[in-house]
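Chain by chain, the residues:
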Amino acid sequence: MNFPFEIRSANDFDAVGFGTNAVDYLIRVPQYPAFNTKLELRNYSVAAGGEVASSMVGLSRLGLATCYVGRFGDDHAGTIGRSSLSDESVDMTYAETISDTATQVAFIIVDEQTGERTVLWQRDQNLSYNAAEAPLEAAKRGRVLHLTPHDVEACIAMARSAKDAGVIVSADVDNVFDGIEELLSLVDVCIVSADLPSRLVGISEHDWALKELSLRFGCGVTGLTLGDKGSLIFCQGEMIKTPAFDVPSGCVDTTGAGDSFRCGFIFGMITGKTVEESARTANAVAALKCRGQGARSALPTLAELNALL
């Protein structure tokens, strides 16, 4: 099945990302700790993350031209975050450093038995954008604008600017924010976490929830990430269920798996794949990411992706 919209054949960038970046402190434990206990950790590491920033790195590693729009603090974590993107050839023209501000951080507990993770995060309010601060020019410069709605009013302004320029809008939604309904009415591709539809449209059954998202907001593609069960995509009246790939050599860490899925799906769209092929590509990128610890360390090259596919 072809996508129900036309993607521009060329622009300054293949994808522009607007949203979160972070520095992750990953703590690997033999099993998730029980309340009021002590547990010796296996190891820990510091690595760059954040939903949109990681997706842009993933697309760049697959050979696409990407641009990241977001804010960093002026601390050491901000230096790590900026370097992690520029070192991967992500354009940083619209990235800002905010004085006297801490970069977003996350402390992530990874259960080594399953690779599943628990995330504790903090974002300084100074990193937020309001609508007047949104760099609308950037929204027009990609073939796809990919965003997370943590700053909803700014995202609405960016999405409108993108739509006016004929740019496809993709959203990574994992929570309900004030104004989310207005934003979703501007979104072409809405891929959400499995627990989100029940909170957003009051329907827990996956098939009906995706249909309701499409009907209510007019998204051309709606989808759910389902972890080791793969993914579910609704498009043009058809429900597409795609099984997950086994993680080569076993799952080490699921941190960033959803970001990787969206990266793979956008890659499929931009490179002319069908909806079914894009979903399969997305599952493959997510599986390959789970080979390593952190959101980005095991994001695949194009050769690695093609080998698994």
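Refer to the structure above for everything that follows.
All values reported here derive from a predicted model rather than from experimental measurement. (Residues numbered from 1 in each chain as written. Predicted model: local features only at pLDDT ≥ 70, side-chain atom pairs only at ≥ 80, totals over all residues. Heavy atoms only, no water.)

Student: Whenever I open this one, the layout of surface pockets confuses me. Can you help?
Tutor: Here the idea is plain: a probe the size of a water molecule rolls over the atoms and shows the empty space left. Estimated volume of the largest pocket: approximately 1300 Å³. Arg117, Thr254, Gly256, Ala257 and Gly258 are, among the 43 residues lining the largest pocket, the residues nearest its centre. Of all the elements, helix H8 (residues 257–270) adds the most residues to the lining of the largest pocket, at five residues. Grouping the constituent residues of the lining of the largest pocket by class yields 18 nonpolar, 14 polar and eleven charged. (1 Å grid on protein atoms, 1.4 Å probe; cavity = no way out; pocket = protein on both sides within 12 Å on 5 of 7 lines; lining within 4 Å. Points joined across faces, edges and corners; volume = space filled by probe spheres on them. Helix = DSSP H or I, 4+ residues; strand = E, 2+ residues; numbered from the N terminus. Nonpolar A, V, L, I, M, F, W, Y, C, P; charged D, E, K, R; others polar.)

Student: I keep staring at the packing of H8 against helix H9 (residues 275–289) and nothing clicks. Help me out?
Tutor: Two numbers describe how H8 lies on H9: the axes approach to 7 Å, and their chain directions differ by 145°. Once H8 is placed against H9, the crossing between them reads as right-handed. Across the interface between the two elements, Ala257, Ser260, Phe261, Cys263, Gly264, Phe265, Phe267, Gly268 and Met269 of H8 pack against Val275, Ser278, Ala279, Thr281, Ala282, Asn283, Val285, Ala286 and Lys289 of H9. (Axes fitted to C-alpha atoms, helices over the stretch in contact; angles between N-to-C directions. Left-handed = near helix turned anticlockwise from the far one by under 90°. Contact = heavy atoms within 4.5 Å.)

Student: Hey, could you run me through the sheet that holds strand E3 (residues 43–49) in this one?
Tutor: Note: strands within a sheet are paired through backbone hydrogen bonds, in either parallel or antiparallel orientation. Read across the sheet, four strands follow the order E3-E2-E7-E8 without closing on themselves; strand pairing throughout is mixed. Because the sheet does not close on itself, it has two edges, and the strands there are E3 and strand E8 (117–122). Going across the sheet, the axis of each strand differs from the next one's by a mean of 20°, ignoring polarity. Inspection of the sheet shows strand E7 (residues 105–111) paired to E8 by six bridges, in the antiparallel sense. Paired with isoleucine 109 across the two strands is threonine 118, which belongs to E8. (Pairing = 2+ DSSP bridges.)

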